[in-house]
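An overview of the molecular structure
One letter stands for each residue in the lines below.
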Amino acid sequence: MRSVVLSVFALFAIAAAVVGGPAARAAENHAALTKAAAEHAIKRLIGYVKSDPYMKVVRTYIHGGAHQIDPKCKAKILNRSGFVILAMPEFKAGVAHPVAGAWKDLFQVDRCGHNVTFNVLATARPDKPPKIGLLLPGETGAPVVMQTQGKVEAAALTLGMKAAACRNPSTAIIADTRLQKVLIPAKLDKQGHVISGAWREIWSVEACDKTEPVAIIFHVQKNRISFKAEPVSRKK
């Protein structure tokens, strides 16, 4: 069973209030400076994630993850398909990489005929280039706390191995995650966090050279999220 680094999906916004009076104008100027600094940091981050040193490390991790899923397949990275800032980047003069911040980088990968999203998590460090890790592949909306606990992944792998009649956990891995159906439309708070809703995902489990689907149902209620793993019946 592999270990994965997981992350929460966050929204980042910059806003400045416009009011009257000298004190308000000072606050407005400060907000403008803050906004300008933030925009500059984001611009530098975008330039950094396009750089050869960064992309070289990212490609290594993606190919390594694809090899874990299917050692016989030589995966091909197609394109970057998304980019999410999780924590505001900070830069230091004379240093190319950010010294603080975190982001999620999404890439479309052709895994021998299977188009899969590979999710890369990057966490900036003050004294060296960012720490890179792979998230679960695909489109899961599972939040960071639940995923880092490993309970959802463990439940999916257990059901996948049972369906595959596999008793070798070292062969078990999550190969893809996809949204199947929205059961209850999501409601968001002002920060963009889901506070209620429910959805069903299908996770593909590779185990003992077999691929088995497992259903994961997520339910958010009163800002708390729960999950239920179910086998997927195959119609004969």
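Here goes a summary of the coordinates provided. Keep in mind it's a predicted model, so treat the numbers as computed, not measured.

Conventions and cut-offs
Throughout, a residue's number is its position along its own chain's written sequence, starting from 1. The predicted origin of the model limits local features to residues at a pLDDT of at least 70 and limits the giving and counting of side-chain atom pairs to 80 or more, whereas totals for whole chains, interfaces and linings rest on all residues. Hydrogen atoms and water are omitted, and side-chain values are computed over all heavy atoms in the structure. Buriedness for pockets is judged along seven lines, at least five of which must meet protein on both sides within 12 Å for an open set on the 1 Å grid over protein atoms alone, while cavities are sets there where a 1.4 Å probe fits but cannot get out, and lining residues have an atom within 4 Å of a point. Grid points are joined across faces, edges and corners, and a volume is the space filled by probe spheres set on the points. Only runs of H or I of at least four residues qualify as helices and only runs of E of at least two qualify as strands under DSSP, and these elements are numbered from the N terminus. Under the scheme applied, nonpolar residues are Ala, Val, Leu, Ile, Met, Phe, Trp, Tyr, Cys and Pro; charged residues are Asp, Glu, Lys and Arg; polar residues are all the others, including Gly. Pairing between strands is defined by DSSP: at least two bridges between them are needed. Interaxial angles span 0 to 180 degrees and are taken between N-to-C directions of axes, which are lines fitted to C-alpha atoms, for helices over the stretch in contact. The criterion used for residue contact is that any of the two residues' heavy atoms lie within 4.5 Å. Stacked, tilted and edge-to-face pairs are distinguished by plane angle, under 30 degrees for stacked and over 60 for edge-to-face with tilted covering the rest, among Phe, Tyr and Trp rings (Trp via its six-membered ring) whose centres lie within 6.5 Å. Whether a residue is buried, partly exposed or exposed follows from its accessible area with a 1.4 Å probe, protein chains only, as a fraction of its type maximum: under 20%, in between, or over 50%, in that order.

With that settled, the discussion passes to the layout of surface pockets. A volume near 450 Å³ is recorded for the second largest pocket. Lining the second largest pocket we find 24 residues, and of these Gln68, Ile69, Asp70, Pro71 and Glu206 sit closest to its centre. The set of elements that each furnish at least two residues to the lining of the second largest pocket consists of helix 2 (52-69), strand 3 (114-123), strand 5 (173-188) and strand 6 (194-207). Per-element accounting of the lining of the second largest pocket gives the leading share, 4 residues, to strand 5. Broken down by class, the residue content of the lining of the second largest pocket amounts to 10 nonpolar, 6 polar and 8 charged.

Quick look at the sheet that holds strand 2 (residues 100-111) now. The strand order 1-2-3-4 describes an open sheet built from 4 strands, whose pairing is antiparallel. The two strands at the open ends of the sheet, each matched to only one other strand, are strand 1 (76-90) and strand 4 (131-134). Averaged over all pairs of adjacent strands, the angle between strand axes in this sheet comes to 20°, irrespective of strand direction. Docked against the sheet, helix 2 engages strand 1, strand 2, strand 3 and strand 4, running at close to 50° with respect to strand 2.

Before going further, it helps to spend a moment on the environment of Val220. Note on placement: Val220 falls in strand 7 (residues 210-221). Along the backbone, Val220 and Ile195 are 25 residues apart, and their C-alpha atoms lie at a distance of 6.3 Å. Apart from residues lying up to four places away in sequence, Val220 is in contact with Val194, Ile195, Ser196, Gly197, Trp199 and Ile225.

Moving on to the packing of aromatic side chains. Scanning all chains against the criterion turns up 4 aromatic pairs. When the ring of Tyr48 is compared with that of Tyr54, the centres are 5.5 Å apart and the planes differ by 55°; the resulting orientation is tilted. Classification of Tyr48 as buried rests on a relative accessible area of 12%. With 6.5 Å between their ring centres and 85° between their planes, Tyr48 and Trp103 make a pair best called edge-to-face. Note that Tyr48 is positioned in helix 1 (residues 22-49) and Trp103 in strand 2, a separation of 55 residues in sequence. The two residues Tyr48 and Trp103 agree in class, both being buried. Ring-pair connections join several aromatic residues into one group, and the members of that group are Tyr48, Tyr54 and Trp103.

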